[in-house]
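Okay, here's what each chain looks like letter by letter:
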Amino acid sequence: WQSSKFYGTASPYGIFAGRDASRGLATFCLDKDALRDEYDISDLNAVQMESVREWEMQFKEKYDYVGRLLKPGEEPSEYTEEEHTKDHNKQD
């Protein structure tokens, strides 16, 4: 399977498994020490935030949406793609 080359546990992007990848993708840093276990990316600069949006668009075009990473204490729920789009637009 080709995707395991990039996304498996021993791959370059495996470091993002179960984590918010926004900071690493925005800063082009795949160093585990540079990643944080928090969901706040408000300290990223405008160029980095634009990079986050560009990555998001690329992923949306290439992959099916299957869920989202939950914040600590947040309860899982099932919702439609329409609800996801509505929730996502609120965050922008």
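The rules behind each value
Residues numbered from 1 in each chain as written. Predicted model: local features only at pLDDT ≥ 70, side-chain atom pairs only at ≥ 80, totals over all residues. Heavy atoms only, no water. Core = buried A, V, L, I, M, F, W, Y, C linked by side-chain atoms within 4.5 Å. Buried < 20%, exposed > 50% of the residue type's maximum accessible area, 1.4 Å probe, protein only. Contact = heavy atoms within 4.5 Å. Helix = DSSP H or I, 4+ residues; strand = E, 2+ residues; numbered from the N terminus. Expected span 1.5 Å × (residues − 1). Arc of directions from axis to C-beta. Phe/Tyr/Trp six-rings, centres within 6.5 Å; stacked < 30°, edge-to-face > 60°. Salt bridge = Lys/Arg side-chain N within 4 Å of Asp/Glu carboxyl O.

An unreviewed UniProt entry lists the protein chain under the name Cytochrome b5 heme-binding domain-containing protein, from Cebus imitator.

## A look at the nonpolar core
Most often, soluble globular proteins have nonpolar side chains that are buried together. Formed by Ile15, Phe16, Ala21, Leu25, Leu35 and Trp55, the largest nonpolar core amounts to 6 residues. The residues contacting Ile15, other than those within four sequence positions of it, are Leu30, Asp31, Lys32 and Leu35.

## Details of helix H3 (residues 46–62)
In this model H3 runs 25 Å from its N-terminal to its C-terminal C-alpha over 17 residues, within 8% of the 24 Å that 1.5 Å per residue would give. Along H3, the residues classified as buried are Gln48, Ser51, Val52 and Trp55. Viewed along the axis of H3, the buried residues span an arc of 105°, placing them on a single side of the element. Set apart from the buried face of H3 by more than 90 degrees, the exposed residues are Ala46, Val47 and Glu61. Turning to H3, the residues buried within the fold contact helix H2 (22–27).

## A short note on the environment of Gly24
Mapped onto the fold, Gly24 is located in helix H2. Sequence separation between Gly24 and Gln48 is 24 residues; the distance between their C-alpha atoms is 9.9 Å. Setting aside residues up to four positions removed in sequence, Gly24 forms contacts with Phe16, Cys29 and Leu35.

## Structural notes on the packing of aromatic side chains
With the rule as written, the count across this model stands at 2 aromatic pairs. The interplanar angle of 45° and the centroid separation of 6.0 Å between the aromatic rings of Phe59 and Tyr63 together place this pair among those described as tilted. For Phe59, a relative accessible area of 30% corresponds to the partly exposed category. Through a chain of ring-to-ring contacts, the aromatic side chains of Trp55, Phe59 and Tyr63 assemble into a single cluster.

## What about the pattern of salt bridges?
Under the defined criterion, the tally for this structure stands at 3 salt bridges. Of the charged contacts, one joins Glu50 and Arg53 as a salt bridge, the two residues approaching to 3.4 Å between their closest N and O atoms. With Glu50 and Arg53 both in helix H3, this residue pair falls 3 residues apart, about one helical turn. For Glu50, a relative accessible area of 37% corresponds to the partly exposed category. Take Arg53: its relative accessible area is 41%, and that puts it in the partly exposed class.

## Quick notes on the side chain of Ser51
Counting through the fold element by element, Ser51 comes out in helix H3. Look at Ser51 and you get buried, because its relative accessible area is 8%.

## What to know about the environment of Ser51
Distance from Ser51 to Ser22, taken between C-alpha atoms, is 8.9 Å for residues 29 residues apart in sequence. Setting aside its immediate chain neighbours within four residues, Ser51 contacts Leu25, Ala26 and Phe28.

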